[in-house]
Amino acid sequence: MAVGSVETSWALVPDMHPSVSVRLRELKEIVAAWRGPGTLVLVTHALTVRALLGFPPIQGETVVLKAGPGSAAGGYLVGMIAAPE
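Criteria and thresholds
- Residues numbered from 1 in each chain as written.
- Predicted model: local features only at pLDDT ≥ 70, side-chain atom pairs only at ≥ 80, totals over all residues.
- Heavy atoms only, no water.
- Helix = DSSP H or I, 4+ residues; strand = E, 2+ residues; numbered from the N terminus.
- Rg over C-alpha atoms; globule rule 2.2 N^0.38 Å.
- Areas by Shrake-Rupley, 256 points an atom, 1.4 Å probe, with all protein chains shown as cover.
- Patch = residues over 30% accessible without salt bridge, like charges linked within 9 Å, V, L, I, M, F, W, Y side chains within 5 Å.
- Salt bridge = Lys/Arg side-chain N within 4 Å of Asp/Glu carboxyl O.

> Would you take a moment to explain the overall build of the protein for this structure?
Helix and strand content of the protein: two helices and two strands. For the protein, the sequential pattern of α-helices and β-strands runs α-α-β-β. Taking 2.2 N^0.38 as the reference for a compact globule, 85 residues should give roughly 12 Å; the C-alpha atoms of the protein span a radius of gyration of 13 Å, in line with that estimate. Here the C-alpha coordinates of the protein stretch approximately 35 × 30 × 25 Å along the principal axes. Accessible area for the protein stands at about 6,400 Å²; split by element, carbon and sulfur atoms hold 60% of it.

> I tried to follow a nonpolar patch on the surface on my own but got confused; where do I start?
Where nonpolar side chains cluster on the molecular surface, the patch consists of Trp34, Leu40 and Leu42 and spans about 220 Å² of accessible area. One can find Leu42 in the loop between α1 (22-33) and α2 (46-53).

Right, dumping it as structure tokens:
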């Protein structure tokens, strides 16, 4: 897979108290602010996705969002891509 620059962020690390998490707020800002070019790919854990969207994806599943500053998650759920079998 050809990717551009790779960065790390504590916003992608699961937090034991996501309702008051600075990390979760930062993750929402990252998603909401994305304007490209290209596709933003974030690799994280099910617990982080659950805090962001309210449900945990299954292992290896991909969650697809569209940036949306007005949404509670910083983006809108577009769909899911199943994990390879």
